[in-house]
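Here are the chains, one letter per residue:
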Amino acid sequence: MTDTLTNLILLGPPGAGKGTQARMLVERFGLLQLSTGDLLREAVANGTAAGRTAKGIMEQGGLVPDDVVLQVLKDRLSSGNLGSGVIFDGFPRTLGQAEALDAVLAEMGMKLDRAIALEVDDAAMVDRIAGRYTCAHCGEGYHDTSKQPATVGKCDVCGGTDFKRRADDNAETVRARLETYHAETAPLTEFYARRGLLSSIDAMQPIETVAGRLAEILERESA
Ligand code: ADP
Ligand code: AMP
């Protein structure tokens, strides 16, 4: 039964567009977006044990320990409807997490179908992250220059008028996050390429162009 699900990973540094594209895939294909960054921010806001461990590390742009991330991920996976499959956004970020993901999916009778690398230039990522903000009500993502609401100050999706910026989206932390990405996460593209699961997209292109390429890959996968 679960064989019909399409499970995919979006790989790429902070600011590559993983969250933006994941939301569009949810809308178009009925997939579930699972962002470990969002889950950890929720844990921090709720003051859980995982949140207390994660808080300082996230503020510094480091990686939260694998066991903590895995626990919040498993809790979420076991708590609800997986839609027509799962988009892992911001996970895995280490080889250990990648291996653990295989085990978690196997336990649930599922498998990974594709890992899609969003390829971008580091230099552009600082601007993407510095300009990022979201609707405080529905979470829709925006950017100061590349993606503004049609009506200034009003969310296109829900009409909300409150917006927020992430505490870790500052120039200093972005550099630390990019360094962490290259040291710990970038090697995962090779890991998935060796298994024949990797697709790559030039994510310096406009949001809609990247979304079109992703849709092509997904349609091929579910054909
Ligand atoms: P990630 O989830 O990979 O950290 P986001 O999806 O939050 O990245 O995107 C970071 C910022 O860049 C957001 O403000 C988003 O609106 C903007 N953005 C995303 N994709 C593109 C793109 N292809 N071109 C220009 N800006 C983009
Ligand atoms: P993100 O929302 O994906 O940009 O993640 C924000 C922060 O949460 C990161 O800088 C890390 O500190 C932490 N984080 C998110 N996902 C993971 C993960 N899979 N492994 C370790 N830390 C993570």
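Values in this document were obtained by computation on a predicted structure and should not be read as measured data. (Residues numbered from 1 in each chain as written. Chains lettered and ligands numbered in written order. Predicted model: local features only at pLDDT ≥ 70, side-chain atom pairs only at ≥ 80, totals over all residues. Heavy atoms only, no water.)

**Q** How would you explain the overall build of the protein if you had to name every residue and give the values?
**A** The helix and strand inventory of the protein stands at nine helices and eight strands. Its C-alpha atoms give the protein a radius of gyration of 17 Å, within 12% of the compact-globule value 17 Å for 223 residues. When its C-alpha atoms are laid out on the principal axes, the protein stretches across 45 × 40 × 35 Å. When each of the 223 residues of the protein is scored for burial, the buried share is 43%. For the protein, the share of sequence-separated contacts (at least 6 apart) that also reach a separation of at least 24 residues comes to 70%. Once the 24 positive and 32 negative side-chain charges of the protein are each reduced to a mean point, those two points are 2 Å apart. (Helix = DSSP H or I, 4+ residues; strand = E, 2+ residues; numbered from the N terminus. Rg over C-alpha atoms; globule rule 2.2 N^0.38 Å. Buried < 20%, exposed > 50% of the residue type's maximum accessible area, 1.4 Å probe, protein only. Contact = heavy atoms within 4.5 Å. Lys, Arg positive; Asp, Glu negative; His and termini not counted. Charge placed at Lys NZ, Arg CZ, Asp CG, Glu CD.)

**Q** Describe the site of ligand 2, listing the residues and the values that go with them.
**A** As a matter of local geometry, ligand 2 sits amid 16 residues, with Thr-36, Arg-41, Gly-62, Gln-97 and Arg-166 nearest to it. In this structure, an oxygen atom belonging to ligand 2 sits 2.6 Å away from a main-chain N or O atom of Gly-62. Relative to its unbound accessible surface of 480 Å², ligand 2 loses 96% to contact with the protein. For the shell around ligand 2, the residue count by class is six nonpolar, five polar and five charged. (Near = heavy atom within 4 Å. Polar contact = N/O pair within 3.5 Å; in protein donor to acceptor, adjacent residues only side chain to side chain. Areas by Shrake-Rupley, 256 points an atom, 1.4 Å probe, with all protein chains shown as cover. Nonpolar A, V, L, I, M, F, W, Y, C, P; charged D, E, K, R; others polar.)

**Q** Residues and numbers for the pattern of salt bridges, please.
**A** Pairing of side chains with opposite charge becomes possible as their charged atoms draw close. Within this structure, the stated rule accounts for 16 salt bridges. Notably, a salt bridge pairs Asp-113 with Lys-111, separated by 2.6 Å at the nearest N-O pair. By relative accessible area, Lys-111 is classed as exposed at 53%. (Salt bridge = Lys/Arg side-chain N within 4 Å of Asp/Glu carboxyl O.)

**Q** Please provide a residue-by-residue account of unusual backbone geometry, values included.
**A** With an omega of 0°, the peptide bond running from Phe-91 to Pro-92 counts as cis. Looking at the element boundaries, Pro-92 is found in the loop between β3 (86-89) and α5 (95-107).

**Q** Give me the lowdown on the layout of surface pockets, citing residues and values where you can.
**A** There is about 230 Å³ of room inside the second largest pocket. As for the second largest pocket, its lining consists of Arg-41, Val-44, Ala-45, Lys-55, Met-58, Glu-59, Arg-166, Ala-167, Asp-168 and Asn-170. Only α2 (36-46) and α3 (49-60) provide two or more residues apiece to the lining of the second largest pocket. Looking at the lining of the second largest pocket residue by residue, the classes come out as four nonpolar, one polar and five charged. (1 Å grid on protein atoms, 1.4 Å probe; cavity = no way out; pocket = protein on both sides within 12 Å on 5 of 7 lines; lining within 4 Å. Points joined across faces, edges and corners; volume = space filled by probe spheres on them.)

**Q** An account of the packing of aromatic side chains is requested, with residue identities and associated values reported.
**A** For the structure shown, the criterion picks out five aromatic pairs. Residues Phe-88 and Phe-91 carry aromatic rings whose centres are separated by 6.3 Å and whose planes lie at 45° to one another, so their mutual orientation is tilted. Above the ring of Tyr-142, the side-chain terminus of Lys-147 is found at 5.1 Å from the ring centroid. (Phe/Tyr/Trp six-rings, centres within 6.5 Å; stacked < 30°, edge-to-face > 60°. Lys NZ or Arg CZ within 6 Å of the ring centre and 35° of its normal.)

**Q** Outline the nonpolar core, supporting the account with residue identities and numerical values.
**A** Ranked by size, the top nonpolar core spans 35 residues in total, and within it Ile-9, Leu-34, Leu-77, Phe-88 and Tyr-192 carry the most contacts. Sort the elements by how many residues they give to this core and helix α4 (residues 66-77) lands first, with six residues. For Leu-77, the residues in contact, after removing those within four places along its chain, are Leu-34, Leu-82, Val-86, Phe-88, Val-104 and Met-108. Membership of the second largest hydrophobic core comes to 20 residues, among which are Ile-87, Met-125, Val-174 and Ile-201. (Core = buried A, V, L, I, M, F, W, Y, C linked by side-chain atoms within 4.5 Å.)

**Q** Can you lay out the side chain of Thr-173 for me, pointing to particular residues and giving the numbers?
**A** Of note, Thr-173 is situated in helix α7 (residues 171-185). At 2.8 Å, the side chain of Thr-173 and the side chain of Asn-170 are in polar contact. Contact partners of Thr-173, with chain neighbours within four places excluded, come to Met-58, Glu-59, Gln-60, Gly-61 and Asp-168.

**Q** Would you mind going over α7 in detail, with residue names and values included?
**A** An ideal rise of 1.5 Å per residue puts 21 Å on 15 residues; α7 measures up with 20 Å between its terminal C-alpha atoms. Of all the positions in α7, only Thr-173, Val-174, Arg-177, Leu-178, Thr-180, Tyr-181 and Thr-185 are classed as buried. Down the axis of α7, the sector holding all buried residues measures 160°, keeping them to one side. For α7, the exposed residues set more than 90 degrees away from the buried face come down to Glu-172, Glu-179 and Ala-183. Along its buried surface, α7 packs onto α3, α6 (122-130), β5 (132-135) and α8 (187-194). (Expected span 1.5 Å × (residues − 1). Arc of directions from axis to C-beta.)

**Q** Residues and numbers for the pairing of strand β4 (residues 114-119), please.
**A** For β4, the buried fraction is high: five of the six residues fall into the buried class. For strand β1 (residues 8-11) and β4, the ladder comprises four bridges, and the chain directions are parallel. Counted as the bridge partner of Ile-9 is Ala-115 from β4. As paired elements, β4 and strand β8 (residues 198-202) share five bridges and run parallel to each other. Note on β8: the bridge partner recorded for Ala-117 is Ser-200. (Pairing = 2+ DSSP bridges.)

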